[in-house]
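Understanding the architecture of this molecule
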Amino acid sequence: MKITLDTKSLVLGFLGAGLMFTAISFKNGQDQTGGRYRTEVNPNNLVVILDTETGNYIIAPAMQSSGKVQWIKGEFDKTFSTAVDNKKEPK
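Read on for a plain summary of the structure. (Residues numbered from 1 in each chain as written. Predicted model: local features only at pLDDT ≥ 70, side-chain atom pairs only at ≥ 80, totals over all residues. Heavy atoms only, no water.)

**A closer look at the overall build of the protein chain**
Test applied: A helix here means a DSSP run of H or I that spans at least four residues, while a strand means a run of E at least two residues long, and both kinds are numbered starting from the N terminus. Here, residues are in contact when the closest pair of their heavy atoms is within 4.5 Å. Each accessible area is a Shrake-Rupley estimate made with a 1.4 Å probe; only the visible protein chains count as cover when residues are assessed.
Along its length, the protein chain carries three helices and four strands. Mapped in sequence order, the helices and strands of the protein chain form the string α-β-β-β-α-β-α. Long-range pairs, those at least 24 residues apart, make up 4% of the contacts in the protein chain between residues at least 6 apart in sequence. For the protein chain, the computed accessible surface area is about 8200 Å², with 61% contributed by carbon and sulfur atoms.

Structural data, given as structure tokens:
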């Protein structure tokens, strides 16, 4: 049995393989890091945890400044609408 490949078959094979690789490589457009809670830690070790469903958050100032962790609770909508930060000032 002799196998022969013509140019048309090769081109169609490569295009089909390329199409399959392209289709497989696409990812879902949704956010892959989804979840209810988001956490951020800045370079000064300030920790903020945000509940993305309700807008409630808690903040923990750096332990070096206060000696112990004092969690501060808040609601994003109230803080944003009054433009007043409820973060405690260091003593």
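**Some points on the sheet that holds strand β4 (residues 72-75)**
Applicable threshold: If DSSP finds at least two bridges between two strands, the strands pair. Geometry is summarised by axes, namely lines fitted to C-alpha atoms with helices restricted to the contacting stretch, and by angles between N-to-C directions that run from 0 to 180 degrees.
Across the sheet, four strands lie side by side as β1-β2-β3-β4; this open sheet has antiparallel pairing. Two strands lie at the open edges of the sheet, namely β1 (37-41) and β4, each paired on one side alone. For this sheet, the mean angle separating the axes of adjacent strands, direction not counted, is 20°. Relative to strand β3 (residues 56-60), strand β2 (residues 47-51) runs antiparallel, the two being bridged by four bridges. Each bridged residue has a counterpart across the sheet, and for Leu50 the counterpart in β3 is Tyr57.

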